[in-house]
Each structure stands twice: as C-alpha cells, then as structure tokens.
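Given next are the chains, with one letter for each unit.
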Amino acid sequence: MNIVTGGSNLHSPPQISLLDVFFPGLGGVSASAQQLLAGNLDSYTRLLCTFGMFVLFTRYAVRYVWELVRSYFTSTIHVSYYDEAYDMLVDWIAHQPFVRNAHSLIARVRSPQRTSIQYQAKKKPLTFSPWDGSFPFWYKGHLLILHCAVKEHREDIYISSIGLSPNILKELVEECRKKYLNDIQRKVSVFEHHEGEWKKARLRPIRPISTVIMDKQVKDDLLRDMEEFLDEPTQRWYAARGIPYQRGYLLFGPPGTGKSSFSLSIAGQFDLDIYTLQLSGTSDSKLMKLFSELPPHCVILLEDVDAAGLGRRDDANADRENNSSSGVTLSGLLNVLDGVSSQEGRVLVMTTNHIEHLDKALIRPGRIDKKVHFKLADENISTQLFHTVFKQTADHQQSKEEFDDEMIEGLAKDFAAKVPEHNFSPAEVLSFLLERKNSPIDAVNGVQDWAARAKEAGSQLKREGSWVQESEC
C-alpha cells in the first residue's frame, strides 16, 4: 500500500513558487543561488556570487517591468521608411539638442536625410545622427523615446510615450509636418521608386516657367490647359459626367531641347510633387503597384519611353520582342494609364526622343491629350538664350564689360543671325554661351567658328557610327 502511495506521489504536480508567477524563470535561479550560498565557500566568493545574482535579478526585473509598461502603458507612433512622414520626422529630429548627446551615432558625409552635429569643413563635411538605439527626450513636458532599429540597410523609426493617449505624439508629428512644409517652400519634391516603393529622392528649387526657353505660344497654351485641368470646378465637371479625371502630355523632340526641364518647371508652377519613373527594369506588377500609390494630385514623369522597348506592334512577334527588352509590356503600361487602378487627378508627362518608335495605341487621344514638339534652336530661341545669359538681373555683379539692355538686344540679334537654325539643341547653344558668360562680344564673335566646328564634329561622329554599324554587319 505504501509502495502504491509512494508511486502516486511520483506523479504529483510540481510545486510552483510565487516568484515564478510574477517573474517566470526566476524561481529556478533563486533555488540555485540558495544551494550555492549554502555551500562551503569563503566569504569573498560568496560575496561575488551574491553580487552577480543581484545584477542578474535586477537586469531581468528591469527588462520585465519595461516590457510590461511598454506593452500596456505606452503609446507609439510608427512611420514607414517609404512614407513622406519619415522625412518630416527625420528633418525635425536633426535639429533637436538631444541628438548631440546620443549614445549611438552614424557618421555620414553630407547626409541627404538628416543633419545634426556638423563640422564646418569645406570639403566633405561630416554629419552625425542617431542610429540603432533608443533615445529619450523631453517634449512639452512629456518624456518621449525615439527608437531607431536597423532593418535591411534602412531604419525603422518609431516614437513612444508613457500613457495610453497618443495625443502628445500626434502633436509632435503635426509640428514636424508644419516645419517640413515651411522648409520645402519654393522647392519641388522629386520622388523615385526604390524596391517597389516611392521614396523622396531630393528637393529641387522651383524653376520659374519664364526661364524655360521654348516657343512662347506653345508654352502659354500648355500652361492654360494644365491650369484649367487642375481647377476644382473642372474636377467636379469630370465627376458629374463620369469621365476619368486625368490628363496626359507627350513631349517629343531631340535630346537637349528642354523636355525634362519643362516637366520640373510645371510641377513647381502648380505646386505639385513630381514622381519620376524609368520603365526599363520595372515589371507590370510593380508598375501597377506604383501607379496605385500615387497621390491624387501630382506629376508622373515617364522619361524616354522609346528606350523601354515598347515599340510599334507591326507583327505578331512584336510583343515578345518588347518583353525581352523590358520588364514592362505595352499592355501592362496601357492598363495602368487608363485601367481601373489608374489614379485620378494625376498629370501624366511622357518624354521621348523618337515619337516614330512609339505604338499608336500608347499615344492615342484619351491617353495622350496633347503632343508637344520640342524643336532644335531657331532664331527666336537663340535670341532668348542670349538674353537669359547676358541681360542684367537684380543681383547682377559688374563685370569687365558693361552693357545696357538696349545693347544686349542688338547683340542678341547679331548672335541669333549667326547660329544656323535647327542644327543645335538649346542645351548646346546655352553651353556655348555659358563658356563666354562674361563677354557678350566674345560670344557674338566666336559663334560662327564654334558652329562650324560643332557641325564637323557631328558629321565625324555620324561617319564613325556608320562605319561601326557596317563592320558589325
């Protein structure tokens, strides 16, 4: 009987200590410590073991209590690395005093994201910012903690505060937003795609539309069209008639004629962000995702669409050829431009150097509402370029030669008369003028020789290119 009873005791449930209830695992540690301290140890060893157990217990308790507080008694706001709120928060953090005493920093040369402590060196200045850690700071009488965790070569940032109400955190983010909007005034935010997500790449100063050298009538017509499209009554007009609220423009012409500059300028003119996208290297699924994440009002710029392999469908094999040269198919692009997932309110701008290479389905009315030809420099454009470089401005600094506007007007006519029309891009003419920006006389006197040399160099390149093509054949 005793044997049976004794056997049953072997299967009785183990006793759980009160310490394990509140601090799981510490019961076993405590028992081990008691056994250790009860042994025949000298006083120094016993003291050392006691101290070690105390440190271990303290660290465990503090971590446990902190996790308990963080889980049930704190509020947290997370910001995605790819969201513009990340840039707002990072910009605000960069100017806070607590950054100077952060225990974990990353050093960068001219960091594009944040600046905090900066040595004023002329060449490659260093900046330091918080990195991979937790950083407490005070905000409006509240203790907040900034958490920076490194994940896949980028930071995951979030801010927490003691208390269940997130109101103080919302106030902080709202302050970040106001400061950010103030800092980017008179600038255009340029977004690019990284890892299938939009990310702000840089800020560009607004370029006044008046500085874009092109045919004035064409420019004014485009600006009127965009202004009318972006007007609120126009949006209601589209909605009332069930017409997709979208507008598309195709800018075509030789390289250096101002297509990209005009795109950036109109974004600044109408206070819009610009999203640039290279089709090569992008798949149909990524393209659809990127378009679906566009904000309601923005400029989406597809540059050099002729280089993406989306040519004319002249035969049944054309689609397969397009697929081999680009991850984006023509049908995939057409679907995001006017399919059910296409974002309304956006201004689509496509640029191309060779409009003849584009499929008619891509540039038909409804997808492309206006086609704008950017031409090589004629007499009018050459005159405008000369004025841009040599006419005096409000911050004009005196040079060795002083010319009033009337003299510049006469020199501009002489200059334009010497530049062969439709031979050079505006960018080439401007480059020539900038090399002689301190002397309009030198520009007028040297333009004919420059034009002759440039034409000869162009002809030489064509001959060499033709020889290379023949030898490859």
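Residues numbered from 1 in each chain as written. Predicted model: local features only at pLDDT ≥ 70, side-chain atom pairs only at ≥ 80, totals over all residues. Heavy atoms only, no water.

Summary statistics for the protein give a mean pLDDT of 81 and a share of 74% for residues scoring 70 or more. When the criterion is pLDDT under 50, residues 1–8 qualifies, and its contacts beyond four places in sequence or with other chains add up to 0 contacts. (pLDDT = per-residue confidence, 0-100. Contact = heavy atoms within 4.5 Å.)

Following the criterion strictly, the structure yields 17 aromatic pairs and no others. Between Phe-98 and Phe-137 the ring centres are 4.6 Å apart and the planes differ by 10 degrees, which places this aromatic pair in the stacked class. Note that Phe-98 is positioned in the loop between α5 (84–93) and β2 (105–109) and Phe-137 in strand β5 (residues 133–139), a separation of 39 residues in sequence. Like Phe-98, the residue Phe-137 is buried in the burial classification. Here the aromatic residues Phe-386, Phe-390, Phe-415, Phe-424, Phe-432 and Trp-450 are joined through ring pairs into a cluster of three or more. Against the face of Tyr-81 rests Lys-199, its NZ or CZ located 4.2 Å from the ring centre. (Phe/Tyr/Trp six-rings, centres within 6.5 Å; stacked < 30°, edge-to-face > 60°. Helix = DSSP H or I, 4+ residues; strand = E, 2+ residues; numbered from the N terminus. Buried < 20%, exposed > 50% of the residue type's maximum accessible area, 1.4 Å probe, protein only. Lys NZ or Arg CZ within 6 Å of the ring centre and 35° of its normal.)

Note: most peptide bonds trans; most residues except glycine with negative phi. Of note in the backbone geometry, Lys-140 takes a positive phi value of approximately 55 degrees without being a glycine. By the element assignment, Lys-140 lies in the loop between β5 and β6 (142–151). With a phi angle near 55 degrees, Asp-271 is a residue other than glycine that sits in the positive phi range. Tracing the backbone shows Asp-271 in the loop between α9 (259–269) and β11 (274–277). The exposed category is assigned to Asp-271, whose relative accessible area is 69%.

A sheet is described by the order of its strands in space; here 7 strands give the open sequence β9-β8-β11-β12-β13-β10-β14, paired in mixed fashion. Across the chains shown, the open sheet's two edge strands, defined by having one partner strand only, are β9 (197–205) and β14 (370–373). Between one strand axis and the next, the sheet turns by 25 degrees as a mean value, whatever way the strands run. Summarising the sheet, strand β10 (residues 247–252) and β14 pair through 4 bridges and their orientation is parallel. Within β14, the residue paired with Leu-250 across the bridge is Lys-371. (Pairing = 2+ DSSP bridges. Axes fitted to C-alpha atoms, helices over the stretch in contact; angles between N-to-C directions.)

The 4 strands are arranged β1-β7-β6-β5 in an open sheet whose pairing can be described as antiparallel. Unpaired on one side and paired on the other, β1 (74–79) and β5 mark the two borders of the sheet. On average, each strand axis in the sheet is inclined to that of its neighbour by 25 degrees, with strand direction left out of account. Sheet analysis places β5 next to β6, joined by 7 bridges and oriented antiparallel. Opposite Pro-136, over in β6, you have Ile-145 as the bridge partner. Together, β1, β5, β6 and β7 (154–162) form the strand contacts of α5, whose direction differs from that of β7 by roughly 70 degrees.

This part takes up the environment of Gly-163. Note that Gly-163 resides in the loop between β7 and α6 (167–183). Considered as a pair, Gly-163 and His-142 are 21 residues apart in the sequence and their alpha carbons are 9.9 Å apart.

Before going further, it helps to examine a nonpolar patch on the surface. Together, Phe-51, Phe-54 and Val-55 line one region of the surface with nonpolar side chains, adding up to about 310 Å² of accessible area. Here Val-55 lies in helix α4 (residues 43–72). (Patch = residues over 30% accessible without salt bridge, like charges linked within 9 Å, V, L, I, M, F, W, Y side chains within 5 Å. Areas by Shrake-Rupley, 256 points an atom, 1.4 Å probe, with all protein chains shown as cover. Salt bridge = Lys/Arg side-chain N within 4 Å of Asp/Glu carboxyl O.)

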